[in-house]
Amino acid sequence: MSASEEFDDNGHVVEVLERFEQDCAGLETAVSELWGPAVGVDLRPFMDSMVRGESVPELPGFLAGIVSEVSAWHLGDRSICVGVGLCDTHGPVVLIAAVGDLRRHL
C-alpha cells in the first residue's frame, strides 16, 4: 500500500516506522468496523521454515518476507491481512495489505 525511501539515518527509520504503524492502526480500525476485530498472526514460524529451505505456502511466504506479524480478518476462504515491516536495516518501511487463503496454513 505504501513504501518509504531507503535510509542512511537510523533515527529517521524509527520516525517513519512509527508513522507507518499509525497508518496501519487507522486501517485496522476502519476494517474492524466492517468485519469485527482482527486476529494477530505470527509469521515467524514461516520465516524459520524459509531459513531452513523448506517450502512455504505463497501468501504466508510473501508476507513473512516483509513482516513478522499481521492483523488478519478471515472471511470464508479468504483472509485480509495488514502489517508494517522494514525490508532491511536501511529500509524501506512498508505498509502492506494482502488478500488470500491464510487461515488454511495456520
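Scroll up to find the structure.
Parameters and conventions
Residues numbered from 1 in each chain as written. Predicted model: local features only at pLDDT ≥ 70, side-chain atom pairs only at ≥ 80, totals over all residues. Heavy atoms only, no water. Salt bridge = Lys/Arg side-chain N within 4 Å of Asp/Glu carboxyl O. Buried < 20%, exposed > 50% of the residue type's maximum accessible area, 1.4 Å probe, protein only. Patch = residues over 30% accessible without salt bridge, like charges linked within 9 Å, V, L, I, M, F, W, Y side chains within 5 Å. Areas by Shrake-Rupley, 256 points an atom, 1.4 Å probe, with all protein chains shown as cover. Helix = DSSP H or I, 4+ residues; strand = E, 2+ residues; numbered from the N terminus. Pairing = 2+ DSSP bridges. Core = buried A, V, L, I, M, F, W, Y, C linked by side-chain atoms within 4.5 Å. Contact = heavy atoms within 4.5 Å. Polar contact = N/O pair within 3.5 Å; in protein donor to acceptor, adjacent residues only side chain to side chain.

## Quick look at the pattern of salt bridges
Here's step 1: One pass over the full model with this rule turns up two salt bridges.
Here's step 2: Asp42 is the partner of Arg44 in a salt bridge, and the nearest nitrogen-oxygen pair spans 2.9 Å.
Here's step 3: The partner of Glu54 in a salt bridge is Arg52, and the shortest N-O contact between them spans 2.9 Å.
Here's step 4: In this structure Arg52 comes out as exposed when scored by relative accessible area, which is 52%.

## Some details on a nonpolar patch on the surface
Here's step 1: Among the surface-exposed residues, Leu34, Trp35 and Leu75 lie close enough to one another that they form a single nonpolar patch of about 320 Å² accessible area.
Here's step 2: Take Leu75: it is sitting in strand β3 (residues 69-75).
Here's step 3: Using a relative accessible area of 32% as the deciding quantity, one classes Leu75 as partly exposed.

## Some points on the pairing of strand β5 (residues 93-100)
Here's step 1: Most of β5 is tucked away, with six of its eight residues classed as buried.
Here's step 2: Relative to β5, strand β4 (residues 78-86) runs antiparallel, the two being bridged by eight bridges. For Cys81, the partnering residue across the bridge sits in β5 and is Ala98.

## A few points about the nonpolar core
As a rule of thumb, soluble globular proteins bury nonpolar side chains together.
Here's step 1: In terms of nonpolar packing, the biggest core is built from 16 residues, with Leu43, Leu63, Val67, Val70 and Leu102 touching the most fellow members.
Here's step 2: At the level of elements, α3 (58-64), β3 and β5 are the ones that each hand at least two residues to this core.
Here's step 3: Among all residues touching Leu63, those that are not within four sequence positions of it are Leu43, Val70, Cys81, Ile96 and Ala98.
Here's step 4: One finds Val16, Val31, Val82 and Leu95 within the second-largest nonpolar core, a separate group that totals ten residues.

## Focus: the side chain of Ser79
Here's step 1: One can find Ser79 in strand β4.
Here's step 2: Engagement of the side chain of Ser79 in a polar contact is seen with the side chain of His74, the distance being 2.7 Å.
Here's step 3: Of the polar contacts made by the side chain of Ser79, one reaches the backbone nitrogen of Leu102; its length is 3.4 Å.
Here's step 4: Setting aside anything within four residues of it in sequence, one finds Ser79 in contact with Trp73, His74, Ala98, Val99, Gly100, Asp101, Leu102 and Arg103.

Structural measurements only, silent on function.
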